[in-house]
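Here are the chains, one letter per residue:
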Amino acid sequence: MKSNLVVTIGASALVIIGVGAFLYPFNTPDSSESITPSAEITAKTVVIEQVSDQAAATTTKQASIITKIDFSASELSSMYEASRLHNTCQQELLNIDYRQKVVRQRFDTALTKINDEKQWALAVMHMHELGIVDAQEALSQINLYQLRRLRKNYEHHNSSSAPNQFQKDMMKNLQEISLALNNGDLSLLSESMKDFRELSEKKGLLTRVRQKETLLSPETMVGHAIATKSNINIEAILNVVPATHAMLNQAIRSGADTASVSRLLASMDFSNKPAYTKYRKLQTALQVAIETNSIDVLQLLLEQDSLTNVQFTFSPVNTILMQAMIATERAVLSDEQLEMILLLRNFEHAAHLWPNEQLKKMQLMGYPGSIINDDLRDQMKALDIKAQVYRKLVSAQPSNLNTETRTYFDDTAEKLNQSRREYADKKSTCAPLKQAWKNQLPGLNMISDITPFLKPNLSFEAQVDHLALTSPTLVDVYYKQSLSNTSNTGDIEDAVDSIDDIRADFSQLSQALSKLEMDLFQRQFLVEKLCEEFDLEGVYASFPLAQFIDYNNTTTGSCLFEIADYYGKVKQEFFAHPDTFPSAIVHELNNYSVDEAIRLLNELERPEAKYTAGFPKGRDALMLALDMANSAGFEYDYGSLILGLLARTELTTAHYRRLHRLKVVDILLFENLASQFPAIEQATSQPFNIF
């Protein structure tokens, strides 16, 4: 089977020949310009089994606890030198990478300045030819361009503001068209359609209907009417409003039967052209039939001659596979999808795949990030569904690209390639330095399970004291692990049930709870219990009573979730309360929200310990930030965070041990910090932290 994919872009179009991998920008179909490929690249047709991914088996072994903390002067000197060589090289590598990204950005900037749609398409294809974007990204650029045109071709009404006069006039016209369709008034329909066309070149109105963004146009309204009104005279309406692909798509989406679809097909030059439906989806008629499980309509469409737009993003097989992949309740095809994909197989349709060389996996062509799971792949193999594999797209008329654009892209590509070569050379230089640095790093225990460190028969608070003797990190792990425990809450429930008024009986409740040692699970239970019994007042009372609220794990539908401004004012006041823990900054760091932690830090008016404190006897914000920096390497720049925390923290032995580790992890950052806080130089006299 051979077919063309035609993606219309204004007066131009992109065409991809079916079994090959070609992309042809050209004028409208009535153009006299010939379409002849300059070279042929035939894609491989394979069974899914032949492109299956190889999974590497991995095993995890429990490492023994690292205990060495003392090192000789010679060993420390070697560590510092390895850190300097590695981090200097990495910084040079980052500088090259930044320059590379700046050069790469020039292509995107140039694209935004190309107003001619055909030239834009040719420019994207030239980027692909130069190796700036791969085939998958080139298609993504084209798809995004189509979506951007939705705003250009349709009037957009922001539902948060009143419509302007033009939008009011358009709404009035559309209401008249709707009234004419409801009453079967062809005279009013003809007059209303004429008024709409004279109003502007816009094809319809994009607005919100019952909280859902909806595309209202004469075509979609007529299509919906054809599908839903039993007494409608389709032939008479089509004499007034010519059939279009948008009308056909909406009719199918609204449930039109094969008889109605046949009448529309007979009245138009059907090519399976993509069009927007009521809910602003750019789809082909085949895709709409698939999405609505209209199997009879799907067969009718497949039987049409000169079927186009069946590749990549618009591939019917890819459409079904993508639907199956995003359906979380199952990993394979539903019964309806199975029936449709077998029908497509009978008409020789295949899956269209792109090999992601970086991930060593196959993706659905036109769907970035889509990777077929093993269950679905096995099902495709059993059904004997073929796969068309595309590695490259080829433009048939590259010479039509504007000379100035071509020259600029060629020159920029050369600069980018030069930067890429420089990056590769520097990376090769840095690799042995990085390995030598890794070999010199002092050991660090990464603890996920606190159980081996616990002492039998200790209460919660006694256990905290015991763990704190070893490391504040262990205290943090213990607190967090306690949140997932299902501890006994009977005494807490009895204490709350014994009072009637949270204000009048607060002292009584506080005294009863003071006799209990609560872990985080019990503290969170107390918060939710107080909320259920006393609403917002109960939540505020929980600040000094529970001292902790798990803002990461509030069940939807619970009392807390229903409290007004629970994630706004209430949350701010909770973290500001003198008795609560941990601080807002530590909370954000535990969520790896470093930028938010920096924002909160910069807003602090006073360097009070409360605002950087963690769990009782656990790590404060500076310890936590240093631990993150010491384990993350170049994944994030923690410099400004640590700098701000140093200015607001009274340093202890636990801080100095982490600062010493920072010196061997990133000596350049350590020296920068020491230039502003010379006192941290004494960290080198401390052993490294090992937790």
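Computed from a predicted model, the values in this text were never measured in an experiment.

Q: Can you break down the side chain of Gln 524 residue by residue, with the values?
A: Relative to the helices and strands, Gln 524 is located in helix α20 (residues 520-546). Look at Gln 524 and you get buried, because its relative accessible area is 7%. Within the structure, Gln 524 has its side chain in polar contact with the backbone nitrogen of Asp 550 (distance 2.7 Å).

Q: Can you tell me about the state of the cysteines, naming the residues and giving the values?
A: Disulfide: a covalent bond formed between the sulfur atoms of two cysteine residues. According to the stated counting rule, one finds two disulfides in the structure shown. Each sulfur of the disulfide joining Cys 531 and Cys 559 lies 1.9 Å from the other. Across the disulfide from Cys 531 to Cys 559, rotation about the S-S bond amounts to roughly -80°, and the bridge is consequently left-handed. Here Cys 531 is found in helix α20, whereas its partner Cys 559 is found in helix α21 (residues 559-562), with 28 residues between them in sequence. For the chain, the bonded cysteines connect in the pattern 1-2, 3-4 when numbered consecutively along the sequence.

Q: Please set out the pattern of salt bridges residue by residue, giving values where relevant.
A: Scanning all chains against the criterion turns up 24 salt bridges. For Arg 619, the salt bridge is made with Asp 627, and the minimal N-O distance between the two is 2.8 Å. Accessibility expressed as a relative area gives 13% for Asp 627, which makes it buried. Among the charged side chains, a salt-bridge network with shared partners connects Asp 476, Arg 619, Asp 627 and Arg 658.

Q: Can you break down the sheet that holds strand β5 (residues 155-156) residue by residue, with the values?
A: Read from one edge to the other, the open sheet built from three strands follows the order β5-β6-β7, with strand pairing classed as mixed. Only two strands of the sheet have a single partner each, and these edge strands are β5 and β7 (212-216). Strand direction decides the pairing type here: strand β6 (residues 205-209) and β7, joined by five bridges, are antiparallel. Its bridge partner being in β7, Val 209 is matched across the sheet by Lys 212.

Q: An account of helix α2 (residues 117-129) is requested, with residue identities and associated values reported.
A: An ideal rise of 1.5 Å per residue puts 18 Å on 13 residues; α2 measures up with 19 Å between its terminal C-alpha atoms. Within α2, 12 of the 13 residues are buried, leaving the element largely enclosed by the surrounding structure. All of the buried residues along α2 are Glu 117, Lys 118, Gln 119, Trp 120, Ala 121, Leu 122, Ala 123, Val 124, Met 125, His 126, Met 127 and His 128. Positive phi appears at Gly 131, one or two residues downstream of α2, with a value of about 85°.

Q: Residues and numbers for the packing of helix α18 (residues 490-497) against α20, please.
A: Packing of α18 against α20 brings their axes to within 10 Å, and their N-to-C directions diverge by 25°. Here α20 runs roughly parallel to α18, going by the angle between their axes. Every pair of crossing elements has a handedness; the one defined by α18 and α20 is right-handed. In this structure, α18 uses Ile 492, Glu 493, Val 496 and Asp 497 to contact α20, whose residues at the interface are Gln 522, Phe 525, Leu 526, Lys 529, Leu 530, Glu 533 and Phe 534. Counted by class, the contact of α18 with α20 contains six nonpolar, one polar and four charged residues.

Each value, and the rule that gives it
- Per chain, residues are indexed from 1 in the order of the written sequence.
- This being a predicted model, a pLDDT of at least 70 is required before a residue's local features are given, and a value of 80 or more before pairs of side-chain atoms are given or counted; all residues contribute to the totals for chains, interfaces and linings.
- The basis for every side-chain value is the complete set of heavy atoms in the structure, and neither hydrogens nor water enter the calculation.
- The helix and strand labels rest on DSSP assignments: H or I over at least four residues marks a helix, E over at least two residues marks a strand, and numbering proceeds from the N terminus.
- Each residue is placed in one exposure class: buried if its accessible area under a 1.4 Å probe, protein chains only, is under 20% of its type's maximum, exposed if it is over 50%, and partly exposed if it falls in between.
- Contacts described as polar in this section are N or O atom pairs within 3.5 Å, which, within protein, must combine one atom able to donate a hydrogen with one able to accept it, while residues neighboring in sequence count only if both atoms come from side chains.
- When two cysteine sulfur atoms are found within 2.5 Å, that pair is recorded as a disulfide.
- What counts as a salt bridge is simple: a side-chain nitrogen of Lys or Arg found within 4 Å of a carboxyl oxygen of Asp or Glu.
- Should DSSP find at least two bridges between two strands, the strands are regarded as paired.
- Take the residue count of a helix, subtract one, and multiply by 1.5 Å to get its expected span.
- To get an axis, a line is fitted to the C-alpha atoms, and for a helix only the part in contact is used. The angle between two axes follows their N-to-C directions and goes from 0 to 180 degrees.
- Should an angle fall under 35 degrees it is taken as roughly parallel, and over 145 as roughly antiparallel, whereas 65 to 115 is taken as roughly perpendicular and any remaining angle as oblique.
- Handedness of a helix crossing follows the sense of rotation of the near helix relative to the far helix, less than a right angle counterclockwise being left-handed and clockwise being right-handed.
- In what follows, residue pairs with any heavy atoms lying within 4.5 Å of each other are defined as contacts.
- Each residue is assigned to one of three groups, with Ala, Val, Leu, Ile, Met, Phe, Trp, Tyr, Cys and Pro labelled nonpolar, Asp, Glu, Lys and Arg labelled charged, and all others, Gly among them, labelled polar.

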